[in-house]
Amino acid sequence: MKKHEILEKIFGHSAFRQFQEEAVDAIVSGQDLLMILPTGGGKSLCYQLPALMMDGVSIVVSPLIALMQDQVRGLSENGIEARTIHSDMTQEERVKVFQELKSGSVKLLYVSPERLVSPNFLTFLNTLKINFFVIDEAHCVSEWGHEFRADYRKLHLLKAHFPQVPIAAFTATATPKVADDIHKALQLKDPVSLRGSVFRQNLKINSEKRISNGRAQLVNFLNAYKGESGIVYTFTRKEAEQVATFLQSKNFSAKAYHARIDADEKERVYHDFLYEKIDIVVATIAFGMGIDKSNIRFVVHTSLPKTIENYYQEIGRAGRDGLESETLLLFTKSDEMQKRELVQSVESDTYKEVLYEKLQKMYNFALSSVCKHKLLGVYFGDVVKDCEDHCISCLKPPVEQIEITKEAQQLISAIYRMEQKFGQNHVIDVLRGSEAEKVHTFEHHKLSVHGIGKGRGKAEWEMIFDRLFELEMIGLGDHRTVRLLEKSKEVLTGGLEVWIDEDKIGKMVKSTYLHDDTPKDAMFEAFRTLRIEIATEHQIPAYMVFSDKTLLELSQRLPQDKEEMLEVHGIGEVKYERYGEAFLERSKELSQSK
Ligand code: ADP
């Protein structure tokens, strides 16, 4: 079959997306390739399609077993012979795959980098007809990246052992420096270089200061997404548990996922999320690369990520199907400080500096009122012209500033009088005149600053703290005590004024997020219910039956026969054979009841 035919008949897509055809052509013509395309851009197809046009087997290097299994499952759904070999398989299972490889029936083989470069495996590969190697998540090769993996470094062996076999490297996040490193580390030969736009048009980006623990902001945001799939990223495992419990208490269908929960529970949470038995996963970054669910409608970060790469990749999990999706980043200056402390323990000075710089850029991104999409473009070496109000900076009218010099002076003198030995909460308690035991134990009720800040609520004082951290007037000392920095003196003497965005203080304004709150229509829901039934029956994730985009098109077009069904996005012959009729029936029923 020709490429367009495969695209339509096997993958069910009517046209190539940007750069996909160029990538396919490069691979088919035997050239090396380096492709940088955001998550959801459609990288998999770029190597899966050529694999079907060629005789031998194509080998894909992937960093995670879950990711490999997911891909293999997805390909099998489209009737493509794909296999994986990994350490969780029994000896018998592995032998079976080796035999299938020998017989030439397998089109795509997924393996981990460490297995691929093991001497025995390289010898075995020599007996096969290999079309090309694919290096997925290729940024793992680079020390300038954010997810460096030593095993990836060994992939230079591929060119040494198979000089004639082309290599295609793919990643979603690479600064120009990382791209250069991938090129060198894999020893690519004059690769065709394709860099997609960093701009994710369907992602709305919100970022705002976290007020107190951010729970009110979270609920406010999530209320617009009842019944839809999304991820809430937290920094710690404990927080993941707490936020999940909190959301459950507010009647959201949410579960926690982090490195410490046992393997069975992990599998269950992931499974329930894919099969849409739960809506929200509250996770640490342990819930990462393996997630390949196309209809994630929102991603929330409850605190500042460590790097823009992490952030971009995590928000990129939303809206892979191209439909409008939304992200929310909640952050404070103290997040940045906390993460800075963690970097301190990194041994290599060079890597430490790289991480500090990345953290600083992440914080500036969160804080900045410049278009968020443009900032991402600048970071990854791309130009984004206009996000068309798809970020909070572009949408929000400029905010009035109000002066808080007096409050700043009160806060600074409170810290001074308590000899810089206490944390933020205690300082606020004293300012607000608390009679708590701790206040009395240290005799802080006798201080002149006790109660001078009664007029402002706890949350407001937290915002003032944040502002002073941000302006580097105060900093964190040992054990999270608050200490005074040089600039605080100027504030006390009246030499420096302090201002804050009006909406951050005085009144707790309700956040204006970028989503419209119109519910999805009944037709869409009817198709969605059917999808859940079929997914459960076939034991596959719901989005693998059909994507949200397919359901949306079905609900808009209500096809009446097979031909019309095949015109719908994401429905090819194979998928039609499997599930088409049930959906066609539902479509006919719906159009009669209209
Ligand atoms: P990436 O690996 O770049 O993150 P994927 O390969 O997972 O992206 O593709 C993201 C989504 O886009 C998938 O749901 C896939 O089916 C869809 N897709 C890929 N190529 C096309 C295309 N040419 N037309 C329509 N949808 C596509």
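Predicted model only: the values in this text are computed from it and were never measured. (Residues numbered from 1 in each chain as written. Predicted model: local features only at pLDDT ≥ 70, side-chain atom pairs only at ≥ 80, totals over all residues. Heavy atoms only, no water.)

Chemist: Just to check I follow, could you spell out the pairing of strand β1 (residues 33-36) for this structure?
Modeler: For a regular strand, side-chain orientation follows a simple rule: the groups alternate between the two sheet faces. Burial along β1 is two-sided: the residues Leu 33 and Met 35 and Leu 34 and Ile 36 are all buried. Bridge count for β1 against strand β6 (residues 167-171) is 4 bridges, and the pairing is parallel. Paired with Ile 36 across the bridge in β6 is Thr 171. The sheet contact formed by β1 and strand β7 (residues 192-195) spans 4 bridges and is parallel. Its bridge partner lying in β7, Leu 34 is registered against Ser 193. (Buried < 20%, exposed > 50% of the residue type's maximum accessible area, 1.4 Å probe, protein only. Helix = DSSP H or I, 4+ residues; strand = E, 2+ residues; numbered from the N terminus. Pairing = 2+ DSSP bridges.)

Chemist: Would you explain the pairing of strand β13 (residues 325-331) in this entry?
Modeler: A large share of β13 lies buried, amounting to 7 of its 7 residues. With burial as the criterion, each face of β13 is covered, one bearing Ser 325, Thr 327, Leu 329 and Phe 331 and the other bearing Glu 326, Leu 328 and Leu 330. Looking at chain direction, strand β8 (residues 203-209) and β13 are connected through 7 bridges and run parallel. When the sheet's bridge partners are listed, Asn 206 is paired in β13 with Leu 328. Looking at chain direction, strand β12 (residues 298-301) and β13 are connected through 4 bridges and run parallel. Within the sheet, the bridge partner assigned to Val 299 lies in β13 and is Thr 327. In terms of handedness, the path from β12 via helix α14 (residues 308-315) over to β13 forms a crossover that is right-handed. (Right-handed = clockwise from strand over helix to strand, strands pointing away.)

Chemist: Where do I start with the site of the ligand in this structure?
Modeler: Surrounding the ligand, one finds 16 residues, the nearest of these being Ala 15, Gly 40, Lys 43, Ser 44 and Arg 320. In this structure, an oxygen atom belonging to the ligand sits 3.1 Å away from a side-chain N or O atom of Arg 17. Within the side chain of Arg 320, a nitrogen or oxygen atom sits 2.9 Å from an oxygen atom of the ligand. Protein coverage of the free-state accessible area of the ligand, which is 570 Å², stands at 82%. Here the shell around the ligand is built from residues that sort into 3 nonpolar, 9 polar and 4 charged. (Near = heavy atom within 4 Å. Polar contact = N/O pair within 3.5 Å; in protein donor to acceptor, adjacent residues only side chain to side chain. Areas by Shrake-Rupley, 256 points an atom, 1.4 Å probe, with all protein chains shown as cover. Nonpolar A, V, L, I, M, F, W, Y, C, P; charged D, E, K, R; others polar.)

Chemist: I tried to follow unusual backbone geometry on my own but got confused; where do I start?
Modeler: Excluding glycine, residues mostly carry a negative phi; peptide bonds, for their part, are mostly trans. Despite not being glycine, Asn 251 has its phi angle at roughly 65°, a positive value. Overall, the relative accessible area of 66% leaves Asn 251 in the exposed class. With phi around 60°, Gln 539 is a residue other than glycine that occupies positive phi space. Relative to the helices and strands, Gln 539 is located in the loop between α24 (522-538) and α25 (542-545).

Chemist: What should I look at first to understand the pattern of salt bridges in this one?
Modeler: Here the idea is simple: oppositely charged side chains can pair when their charged atoms come close. On inspection of all chains with the given rule, the structure shows 37 salt bridges. Glu 336 is paired through a salt bridge with Arg 340; the nearest N and O atoms lie 3.7 Å apart. Linking Glu 336 with Arg 340, this pair stays in helix α15 (residues 333-343), spanning 4 residues, or about one helical turn. The class for Glu 336 is buried, based on a relative accessible area of 2%. The exposure class assigned to Arg 340 is partly exposed, which follows from its relative accessible area of 28%. Residues joined by salt bridges that share partners form a network here, namely Glu 276, Lys 293, Arg 297, Asp 321, Glu 525, Arg 528, Arg 531 and Asp 548. (Salt bridge = Lys/Arg side-chain N within 4 Å of Asp/Glu carboxyl O.)

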